[in-house]
Amino acid sequence: QVQLVESGGGLVQAGGSLKLSCVASGRTYTMGWFRQAPGKEREFVAAISWSSGSTRYADSVKDRFTISRDNAKRTVDLQLNSLKSEDTAVYYCAAGTGSVLVTTRTSYNYWGQGTQVTVSA
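Residues numbered from 1 in each chain as written. Predicted model: local features only at pLDDT ≥ 70, side-chain atom pairs only at ≥ 80, totals over all residues. Heavy atoms only, no water.

What exactly am I supposed to notice about the overall build of the chain here?
What the chain contains, in helices and strands, is zero helices and eleven strands. Counting only C-alpha atoms and orienting by the principal axes, one finds that the chain spans roughly 40 × 30 × 25 Å. By sequence separation, contacts in the chain at least 24 residues apart represent 58% of the contacts at least 6 residues apart. Total accessible area on the chain stands at roughly 6200 Å², and carbon and sulfur atoms take up 46% of it. (Helix = DSSP H or I, 4+ residues; strand = E, 2+ residues; numbered from the N terminus. Contact = heavy atoms within 4.5 Å. Areas by Shrake-Rupley, 256 points an atom, 1.4 Å probe, with all protein chains shown as cover.)

Even after reading the chapter, I still don't get the nonpolar core, so can you show me in this structure?
One broad trend across soluble globular proteins is that nonpolar side chains are buried collectively. Counting residues in each nonpolar core, the largest one holds 35 residues, and the members touching the most others are Met31, Trp33, Leu78 and Tyr91. Elements with a contribution of two residues or more to this core: strand S3 (18-25), strand S4 (30-36), strand S5 (43-49), strand S7 (65-70), strand S8 (75-80), strand S9 (89-96) and strand S11 (115-120). Discounting residues that sit within four places of it in the chain, tyrosine 91 has contacts with Glu6, Leu20, Trp33, Phe34, Arg35, Val45, Phe65, Leu78, Leu80, Gly114, Thr115 and Val117. (Core = buried A, V, L, I, M, F, W, Y, C linked by side-chain atoms within 4.5 Å. Buried < 20%, exposed > 50% of the residue type's maximum accessible area, 1.4 Å probe, protein only.)

For this particular structure, what's the right way to read the pattern of salt bridges?
Pairing between side chains becomes possible if they bear opposite charge and their charged atoms approach one another. Going through the model one piece at a time under the given rule, you end up with five salt bridges. Across the pair arginine 64 and aspartate 87 runs a salt bridge whose closest N-O atoms are separated by 2.7 Å. Of this pair, arginine 64 sits in the loop between strand S6 (55-57) and S7 while aspartate 87 is found in the loop between S8 and S9, placing the two residues 23 residues apart along the sequence. One continuous salt-bridge network, built from bridges that share partners, spans Arg35, Glu43, Arg64 and Asp87. (Salt bridge = Lys/Arg side-chain N within 4 Å of Asp/Glu carboxyl O.)

How do you make sense of the packing of aromatic side chains when you look at a structure like this?
For any pair of aromatic rings, the description rests on two quantities: the centre-to-centre distance and the angle between the ring planes. Per the counting criterion, the structure on display carries four aromatic pairs. Here phenylalanine 34 and tyrosine 108 contribute two aromatic rings whose centre-to-centre distance is 5.2 Å and whose plane-to-plane angle is 75°, an arrangement assigned as edge-to-face. With phenylalanine 34 in strand S4 and tyrosine 108 in the loop between S9 and strand S10 (110-111), this pair connects stretches of sequence that are 74 residues apart. Using a relative accessible area of 0% as the deciding quantity, one classes phenylalanine 34 as buried. Directly above the aromatic system of tyrosine 92 lies the positively charged group of arginine 42, at a separation of 3.6 Å from the ring centroid. (Phe/Tyr/Trp six-rings, centres within 6.5 Å; stacked < 30°, edge-to-face > 60°. Lys NZ or Arg CZ within 6 Å of the ring centre and 35° of its normal.)

When you look at the sheet that holds strand S1 (residues 3-7) in this model, what are you seeing that I'm missing?
One key point about sheets: their strands pair by backbone hydrogen bonds, in either a parallel or an antiparallel sense. If you trace the four strands from one edge of the open sheet to the other, you get S1-S3-S8-S7, paired in antiparallel fashion. Strands with a single pairing partner mark the edges of an open sheet, and in this sheet they are S1 and S7. Taking each pair of neighbouring strands and ignoring which way they run, the sheet shows an average axis angle of 15°. Two elements, S1 and S3, share five bridges in a ladder whose sense is antiparallel. Across the sheet, residue serine 7 finds its bridge partner in S3, namely serine 21. (Pairing = 2+ DSSP bridges. Axes fitted to C-alpha atoms, helices over the stretch in contact; angles between N-to-C directions.)

I would appreciate a short explanation of the state of the cysteines in the present structure.
Disulfide: a covalent bond formed between the sulfur atoms of two cysteine residues. Per the counting criterion, the structure on display carries one disulfide. Disulfide pairing places cysteine 22 opposite cysteine 93 at an S-S distance of 2.1 Å. In this structure, the disulfide formed by cysteine 22 and cysteine 93 twists by about -75° around the S-S bond and is classed as left-handed. Pair noted here: cysteine 22 is in strand S3 and cysteine 93 is in strand S9, with a separation of 71 residues, a long-range link. (Disulfide = S-S within 2.5 Å.)

What am I meant to see in the environment of arginine 35 here?
Inspection of the secondary structure assignment puts arginine 35 in strand S4. Put simply, arginine 35 and alanine 89 are 54 residues apart on the chain and 5.8 Å apart in space, counted from C-alpha to C-alpha. When neighbours within four sequence positions are excluded, arginine 35 is seen to be in contact with Glu41, Arg42, Glu43, Val45, Ser60, Val61, Phe65, Glu86, Asp87, Ala89, Val90 and Tyr91. Side-chain polar atoms of arginine 35 contact the side chain of glutamate 43, separated by 2.6 Å. At 3.0 Å, the side chain of arginine 35 forms a polar contact with the side chain of tyrosine 91. (Polar contact = N/O pair within 3.5 Å; in protein donor to acceptor, adjacent residues only side chain to side chain.)

In structure tokens, the structure reads:
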């Protein structure tokens, strides 16, 4: 059984930074972060492979967000820099059992409860 617990959300001013963390238990191969803004569909943000450390990002966050992992601690972090009001959303940690860094929601089998990120203008 895989369990994911996120932390680190909050309120920040535009241009500021936040760090989200996800602790994973159970066996998975790929970890991802998604986000869902009010009235919008959940969208891919970033993904990382436990084994290789390879990463993939949505174009909207590339060069601003960084995903990283600590295999020993079984944590995956998402560093959010240069935040914009459009980054406001509930951020979800997700885990998949495939080895390819996919961007579709249906490719991830397990989800955390979500953490709110609010960016004020």
